[in-house]
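# Observations on the model geometry
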Amino acid sequence: MSDQPSQRQAALDYHAFPKPGKLEIRATKPMANGRDLARAYSPGVAEACLEIKDNAAHAETYTARGNLVAVVSNGTAVLGLGNIGALASKPVMEGKAVLFKKFAGIDCFDLEVNESDPEKLADIVCALEPTFGAINLEDIKAPDCFIVEKLCRERMNIPVFHDDQHGTAIVVGAAARNALHVAGKAFEDIKIVSTGGGAAGIACLNMLLKLGVKRENIWLCDIHGLVYEGRAEDMNPQKACFAQATDLRTLDDVIEGADLFLGLSGPNVLKPEMVARMAKRPIIFALANPTPEILPDAARAVAPDAIIATGRSDFPNQVNNVLCFPFIFRGALDVGATEINDAMQIACVEGIAELARITTSAEAAAAYQGEQLTFGADYLIPKPFDPRLVGVVSSAVARAAMESGVARRPIADLEAYRQKLNQSVFKSALLMRPVFEAAAKAARRLVFAEGEDERVLRAAQAILEETTETPILIGRPEVIEARCEKLGLSVRPGQDFQIVNPENDPRYYDYWTSYHQLMQRRGVTPDLAKAIMRTNTTAIGAIMVHRGEADSLICGTFGEYRWHLNYVQQVLGTHDLRPHGALSLMILEDGPLFIADTHVRSRPSPEELAEITLGAARHVRRFGIEPQIAFCSQSQFGNQAEGSGLRLRQAIEILDSQPRDFVYEGEMNLDSALDPELRQRIFPNSRLHGAANVLIFAHADAASGVRNVLKMKAGGIEVGPILMGMGNKAHIVTPSITARGLLNMAAIAGTPVAHYG
């Protein structure tokens with residue numbers, strides 16, 4: 001308890017600094033001059049107004065309405081805080097808005113309304129229809145929430161969704177489907193006992209009915225006991241639907257033989273002795289926050305095989321609405337749905353449940369380090385930061401909307417739509433598409449030097465699922481087998497991919513003799529060659545490529561770049577193949593930026609700089625991008641006679657000696673390379689047009705520094721580094737690379753040199 005005050009202050013500071021609140025509004029169009037102003041407002045804005053007046057559907061074309069949701073609350077049932085009022089609910093609604101943006105790219109206004117009368121609140125919400133593409137009702141007490149939602153859905157022609165009801169119900173439905181799968185039970189056979197007759201509880205029971213549970217098998221209890229036929233106390237039509245004709249009156253009376261306990265009530269409602277009387281392999285959803293109806297340890301003390309979910313993030317199987325609402329709204333908005341109907345909700349259930357049953361994504365594993373993310377009793381539903389949610393769930397919702405006839409703007413190609421959604425979270429996906437397409441034309445064998453690394457194992461799984469390439473992993477088979485099992489990967493060594501075991505491989509003699517033959521006149525004795533082929537996985541991988549047993553080597557997930565480079569040069573270097581630079585692609589919010597040389601040459605000569613530039617131009621075109629190359633220096637178009645500017649000017653002279661089919665310019669400051677207006681003022685006759693997309697530096701320190709600043713401070717995502725000059729036979733990554741980065745490098749390595757010149 002001692003850390004509670006500090007946690008409270010940390011939460012308050014999070015909301016207060018560096019500026020109050022969690023939201024701000026930013027313009028999506030330039031507002032830099034009078035011309036922009038004349039288009040954004042008077043007189044140009046009138047043209048957009050008239051288009052919408054003539055055709056209301058144009059509102060989605062000329063305004064943000066098609067991607068704008070309102071989170072509306074009157075603050076009468078806020079989290080576990082109760083009726084705290086509209087103003088005090090604002091931090092929660094702001095939080096909901098930023099989750100919409102974070103997880104689904106949906107813009108959101110939070111609207112806190114001082115109105116407790118449900119019919120008047122519905123009037124207010126309905127009057128907002130011209131502004132928004134959809135409405136998310138939030139934290140409105142029961143039974144008022146039922147009235148508000150019903151009236152709004154009847155009167156509005158846009159989706160209206162009460163997340164406390166339906167969002168909770170969808171995630172509970174997904175968790176229940178997978179829990180029954182683990183327990184070997186079926187919806188139509190189970191007995192359910194539920195506590196909590198509020199909006200969320202009733203919605204969850206209605207969802208379970210839609211999934212196949214029989215109404216007569218549902219026993220609903222609230223603070224007054226069992227809901228039974230003839231009960232008058234604290235009843236409403238929603239509860240009455242679940243009234244049982246029985247003489248039983250309490251939770252303790254009805255818990256006998258229950259397969260599923262669903263708690264949306266309060267702390268410690270379910271006692272251990274009650275759990276002991278439930279069916280074998282009981283399913284317990286204790287969702288009260290912050291203290292659940294029963295703690296997992298207490299339940300397992302009497303039922304070790306229990307399958308348990310809570311509403312808390314510090315226990316497995318957190319039932320969290322963020323798994324649902326961003327993605328169901330994303331799909332609904334993108335097809336112009338007029339409502340969110342049962343078909344769309346069930347599609348959301350199925351999408352969430354399906355995602356948990358397949359291999360966990362590397363990105364989710366990275367966000368939840370130390371947690372077991374393998375489908376089973378402790379992993380029934382995906383984690384909120386699983387980036388695949390938007391593609392899987394939103395496309396399923398969009399399909400259901402179209403098939404059920406509520407989509408005003410049907411999507412012709414749902415697979416392309418799903419890929420577009422994935423590109424919104426996997427920022428490298430769009431730029432990498434030409435590379436993946438080229439790689440798909442050739443089935444190449446890629447050997448990974450650090451085959452026991454978790455990132456490599458996840459990348460190997462993705463390679464087998466998404467490409468035509470064959471991964472080969474260097475590592476101990478028993479370690480790789482155990483880690484695949486622990487990580488929940490479906491691939492297995494010896495079945496799905498080949499392993500080279502440094503400790504005991506039948507090819508060991510061939511490998512050390514090949515290495516010795518290459519290195520015998522460089523001081524390597526037979527004993528040293530044997531030792532290296534037992535311990536140095538980069539050297540082993542390079543020998544495999546040298547012997548034709550693999551087409552390309554990927555190494556460098558740990559260790560220093562030039563250490564790996566030494567063995568790549570020793571084994572694979574020839575007169576025609578020699579490393580002449582490392583090229584990093586940085587994916588930024590405003591587009592891609594290539595940087596060289598980041599790793600290979602500390603202080604390249606003019607000849608080497610020219611060679612780096614030629615390689616960079618060739619590789620940039622692999623991504624479908626036309627290179628615009630700037631030579632970056634402290635010197636600005638010849639204003640310094642010495643230093644890096646001199647070497648860069650000499651490199652440009654070398655390039656100028658022959659016709660080139662790409663644009664390059666320099667030497668110049670970095671701001672001049674990226675700001676065309678500044679460059680025009682300083683050097684009006686520049687060959688560059690627009691901002692440079694390739695930066696060549698005369699020092700590796702400068703190139704690497706810019707790369708790291710863009711990655712750590714500007715949110716840049718790196719693809720690479722790409723080792724230029726080795727004919728795609730080897731690439732050396734860096735220890736910061738992710739599993740997704742390794743997949744991208746596999747695609748780059750998977751393309752024969754002939755495919756890109």
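Before reading on, note that the structure itself is shown above.
Here's what I pulled together on the structure shown here. Computed from a predicted model, the values in this text were never measured in an experiment. (Residues numbered from 1 in each chain as written. Predicted model: local features only at pLDDT ≥ 70, side-chain atom pairs only at ≥ 80, totals over all residues. Heavy atoms only, no water.)

Below, the discussion takes up the packing of aromatic side chains. Taken as a whole and judged by the stated rule, the model has eleven aromatic pairs. Judged by centre distance (5.2 Å) and plane angle (80 degrees), the rings of F100 and F329 are edge-to-face. Placement of F100 in helix α5 (residues 90–104) and of F329 in helix α14 (residues 325–334) is noted, with a sequence separation of 229 residues between them. Considered together, F100 and F329 belong to a single accessibility category, that of buried residues. (Phe/Tyr/Trp six-rings, centres within 6.5 Å; stacked < 30°, edge-to-face > 60°. Helix = DSSP H or I, 4+ residues; strand = E, 2+ residues; numbered from the N terminus. Buried < 20%, exposed > 50% of the residue type's maximum accessible area, 1.4 Å probe, protein only.)

That bond from A596 to D597 is cis: its omega, -15 degrees, falls within 30 degrees of zero. Looking at the secondary structure, you find D597 in the loop between β16 (591–596) and α26 (606–620). Of note, the bond from G666 into E667 is cis; its omega dihedral lies within 30 degrees of zero at -10 degrees. In this fold, E667 is placed in strand β18 (residues 663–668). Phi is positive for N268, close to 60 degrees, though the residue is something other than glycine. Here N268 lies in the loop between β8 (260–263) and α12 (272–275).

Our next topic: α26. Helix length check: α26, at 15 residues, gives a terminal C-alpha distance of 21 Å against a target of 21 Å (1.5 Å per residue), a fit within 8%. Counted residue by residue, α26 has eleven buried out of 15 residues, so it is predominantly covered. Looking only at α26, the buried set comprises P606, L609, A610, E611, I612, T613, G615, A616, A617, H619 and V620. (Expected span 1.5 Å × (residues − 1).)

With 102 residues, the main nonpolar core has I135, F285 and F329 as its most contacted residues. In contact with F329, other than residues within four places in its own chain, are V69, F100, I106, A134, I135, N136, F161 and I340. (Core = buried A, V, L, I, M, F, W, Y, C linked by side-chain atoms within 4.5 Å. Contact = heavy atoms within 4.5 Å.)

This brings us to a nonpolar patch on the surface. A cluster of nonpolar side chains, namely M31, L37 and Y41, defines an oily patch on the protein surface of about 370 Å² accessible area. Within the secondary structure layout, Y41 lies in the loop between α2 (34–40) and α3 (45–54). (Patch = residues over 30% accessible without salt bridge, like charges linked within 9 Å, V, L, I, M, F, W, Y side chains within 5 Å. Areas by Shrake-Rupley, 256 points an atom, 1.4 Å probe, with all protein chains shown as cover. Salt bridge = Lys/Arg side-chain N within 4 Å of Asp/Glu carboxyl O.)

Attention now moves to the pattern of salt bridges. Across all of its chains, the model carries 43 salt bridges by this definition. Several salt bridges share partner residues, and in doing so they unite D505, R507, D510, R547 and E549 into one network.

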